[in-house]
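# Observations on the three-dimensional arrangement
The primary structure of each chain is shown beneath.
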Amino acid sequence: MERNDFIKSLGLGIALVCTGSCLSGCGSKGSDPQPNNPAGGGPPTGTTASVDLNSQLLSVGAATTVNGILFIRTAAGNSASSFAATQAVCPHQGGALNWIQASNYIQCGLHASRYTSSGAILAQPNDGGTTSALKVYTPTVSGNTLSVTV
Ligand code: FES
């Protein structure tokens, strides 16, 4: 190998090592805003959640979260149609969703997006991002147990 060829190949090797070091040092995006929640915020298929209607959701407007499902009582009586069930984690970036009874909507605790009890979007996140409609589930009632299976 000629000296010039050796120096050129050495230079290329050093350039590759430096590039690799710089890229690995710059690779972390831990503090960057994340895009939409990749899982969409819904619990995994097979998840079940149950509520004892003897002690929970006793009044219209009451809500509770079990196993990633947000249950809301929307009407009196213990038929399935008296309840709504949605995902309890925001599809935007995973904030916790809360039922705001006084305002009759679901609100994200992270960027304040808002949804109806049937999952429709009322307000986009306040960070300039966009969210998607909530996953909704069909509850069943057996005796005094309200349940959802995802
Ligand atoms: S995580 Fe819910 S609006 Fe951003």
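Above this note sits the structure.
In this text the structure is predicted, and so the values were computed from the model without any measurement. (Residues numbered from 1 in each chain as written. Predicted model: local features only at pLDDT ≥ 70, side-chain atom pairs only at ≥ 80, totals over all residues. Heavy atoms only, no water.)

### A look at the pairing of strand β6 (residues 105–108)
In terms of strand pairing, strand β5 (residues 97–100) meets β6 through four bridges, oriented antiparallel. If you follow N98 over to β6, its bridge partner there is Q107. What sits between β5 and β6 in their antiparallel hairpin is a turn of four residues, with N104 showing a positive phi close to 60°. Sheet analysis places β6 next to strand β7 (residues 114–115), joined by two bridges and oriented antiparallel. Bridge pairing links I106 to Y115 in β7. (Pairing = 2+ DSSP bridges. Helix = DSSP H or I, 4+ residues; strand = E, 2+ residues; numbered from the N terminus.)

### A short note on the nonpolar core
Membership of the largest hydrophobic core comes to 13 residues, with the highest contact counts inside it found for V51, L57, I69, F71 and L146. When residues of this core are traced back to their parent elements, those giving at least two are β1 (48–52), β3 (69–73), β4 (83–87) and β11 (145–149). Apart from residues no more than four positions distant in its own chain, L146 is found in contact with A49, S50, V51, L53, L57, F71, F83, P139, T140 and V141. Within the second largest apolar cluster, 11 residues are counted, among which are I72, C90, L97 and Y115. (Core = buried A, V, L, I, M, F, W, Y, C linked by side-chain atoms within 4.5 Å. Buried < 20%, exposed > 50% of the residue type's maximum accessible area, 1.4 Å probe, protein only. Contact = heavy atoms within 4.5 Å.)

### Observations concerning the sheet that holds β4
Read from one edge of the open sheet, four strands run β2-β3-β4-β9, paired in antiparallel fashion. In this open sheet, the two strands that pair with only one neighbour each are β2 (63–66) and β9 (136–137). Bridge count between β2 and β3: four bridges; the pairing is antiparallel. Among the inter-strand pairings, T65 is bridged to a residue of β3, identified as L70.

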